[in-house]
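Report on the structure
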Amino acid sequence: MDTEKKIKQWQQASLIDQDTVDRLLAFEKRQPAPKKLPLLLMIGFIFFSLAVFSFIAANWQLIPDGAKVGLMLSLMWLFYSVAYFSEKQAFGYPLLFRVIGLAMFGATLLTVAQTFHFPLANSFLPWALFLAAIAHYFYWRHVIYSVLGFFFGAAVLISFVPEIGWLEWSVFIVIAAAWFYFSRTFASLAFSWMLLFASGFMLWILVDYNSTLWPIWTLFALVLLFAIIPENKQRMMRPLYLITAGMLIVVYLAIRGQTFIGLIDKSHFAEAVALAFAGIAVLLFSFFKFRSLMWIALPGTIGLLLYDETAIGLAVVAELGGLAYLIMAQRQNQPLGLGFVYFIVVQFVIYIIYAWERLDMSLFFLLGALLLFLLSAVAWWINRRKEGVTS
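Residues numbered from 1 in each chain as written. Predicted model: local features only at pLDDT ≥ 70, side-chain atom pairs only at ≥ 80, totals over all residues. Heavy atoms only, no water.

With an unreviewed UniProt entry as reference, the chain is termed DUF2157 domain-containing protein, source organism Planococcus faecalis.

Below is the structure:
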C-alpha cells in the first residue's frame, strides 16, 4: 500500500506517465510477500527459551562435565542454523541469531575453562572471541561485528596486564594490522586502528623504560600506515589522526597544568629531543606525501615542553596550533568544525587550569580568542562578498 501511494504521488506530480505506473504496479505485485513470524509465536518462543535456560541453570551442578560442553555447543549451532534458515527463508532476524550464536560460542569456551579449571587470566578465551568476531566481520561485513571485534580486542589487551610477552604483543599487532588493512568501512578501520594505538600503551609493561611519551611515539609510528593504504582509506582516516593528535595535546596540557608535577625529568631529555626530531620527520613526510596530516607533527614538541621552565610553551603551541589550523582550513575551503571544537577545548583547559588566578595570562589568551573571532568575521565577510559577486 505504501508503494502504491508513492507511485500515485509521483504520477500526480507528473514525474512518471501512466505506462510507467502500470509497469511498476505489475512488478510490485509479482514480488513475494515478506514472511513474518506471528507475534504470539515469537512471544511463545521467548518464554520457552527462558524456561529452558532456567531449567538448565537450576540443574547445572547435576549435569556431567561433558554434557555441559555439549549442551553449549548444541545451543551455539542451533542459533547459527536458525540464522541460516532465517536468511534463506526471509523470516526473523538473521543478524540477531548470529550474534546470539557468537555469544553461545563464548559461553562454550567459558564452560570449558570452568569445567576443566583453565585459568581465565591471559587465557585463550578473549583471543578466541576476538578472532571469531573478526571472522564474522570478514564473512558478513556488518558493523556490529566490528563493534564486537573492538570489544573483544580490548579484552585481549586488558588480559595482558600485568604480564605480557613480546610474542603475544606481536601476534596481536599482526592481527589488528591485518584487520585494518583489509577493512572497507570507516567503523572497521577506526576500531582496528584504535586497537593498534592502544597496543602502544603496552610498551609501558614490555620495555624496561618508564616514559610518559609512549602515546605520541605510537601515533607517529601509525603514520606509516598511510604509505600502504589506498587513497579512499586515507580520506576516511585523516580526521581520526587529527582528532587523536588534538586530544593528546589537550590531555598533556591539562595534566601538566593540573598536577604541577614534572611529567618528564632531566634524564629523559634525550628522548624529548628524539621525539622532536621524530615530529620533524613526520612533518616532512606529511608535507611531501600527505600534506593534510602535517598537523599531527605538533605533539612532537610536547617532550620539550613538559619541563617547569617550558610549561607555558605547551599552552602557546596548543593555542597557536589551533589558530593556524583554522586559518589554513579557511583558506582551503575545508570544514572548520573540528578546528573550532579543538580551539574551544584548548581555551577551556587554559582558562580553568592555567589562568584561573593569573589575570594577566588570561587577558593574553582572551585577546587571542578575540583575534580569532575577528579573523573569522573577516573571512565570513570576504566569503559573503565573493558569493554576492558570483550571484
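That was the structure; now back to the text.
1. A word on unusual backbone geometry
What counts, and what does not: With a 1.4 Å probe rolled over the protein chains alone, any residue whose accessible area is under 20% of its type maximum counts as buried; one over 50% counts as exposed, and the rest are partly exposed.
In this structure, R141 is a non-glycine residue whose phi angle is positive, near 55°. Residue R141 is classed as partly exposed on the basis of its relative accessible area of 30%.

2. Describing the packing of aromatic side chains
The test is simple: Only the six-membered ring of Trp is used, alongside the rings of Phe and Tyr, when aromatic pairs are assigned; centres must lie within 6.5 Å, and planes under 30 degrees apart are stacked while those over 60 apart are edge-to-face, with the rest tilted. Labels follow the DSSP assignment, with helices taken as runs of H or I lasting at least four residues and strands as runs of E lasting at least two, numbered in each case from the N terminus.
Following the criterion strictly, the structure yields 20 aromatic pairs and no others. Consider the rings of F130 and F172, whose centres lie 5.6 Å apart with planes at 25°: the pair is stacked. Taken together, the residues span a long stretch of sequence, with F130 in helix α6 (residues 124-140) and F172 in helix α8 (residues 166-181) at a distance of 42 residues. The interplanar angle of 75° and the centroid separation of 5.5 Å between the aromatic rings of F197 and F201 together place this pair among those described as edge-to-face.

3. Overview of the side chain of S192
This is how the line gets drawn: N or O atoms within 3.5 Å of each other form a polar contact, as long as, within protein, one can give a hydrogen and the other can take it, and as long as residues adjacent in sequence are counted only when both atoms are side-chain atoms. Note on definitions: a residue-residue contact is assigned when non-hydrogen atoms from the two residues lie within 4.5 Å.
Note on placement: S192 falls in helix α9 (residues 186-199). At 3.0 Å, the side chain of S192 and the backbone oxygen of L189 are in polar contact. When neighbours within four sequence positions are excluded, S192 is seen to be in contact with A176, W179, F180 and S183.

4. Here we look at the packing of helix α7 (residues 143-159) against α9
Stated formally: Lines fitted to C-alpha atoms define the axes, with helix axes restricted to the stretch in contact, and inter-axis angles between N-to-C directions lie between 0 and 180 degrees. What sets the label is the angle itself: under 35 degrees gives roughly parallel, over 145 gives roughly antiparallel, 65 to 115 gives roughly perpendicular, and the rest give oblique. Only Asp, Glu, Lys and Arg are considered charged in this grouping, and only Ala, Val, Leu, Ile, Met, Phe, Trp, Tyr, Cys and Pro are considered nonpolar; every other residue, Gly among them, is considered polar.
Where α7 contacts α9, the axes come no closer than 9 Å and their chain directions differ by 5°. Overall, the two elements α7 and α9 adopt an arrangement that is roughly parallel. Across from V143, S146, V147, G149, F150, G153, A154 and L157 in α7, the residues of α9 making contact are A187, S188, F191, M194, L195, A198 and S199. Residues of the contact of α7 with α9, tallied by class, amount to ten nonpolar, five polar and no charged.

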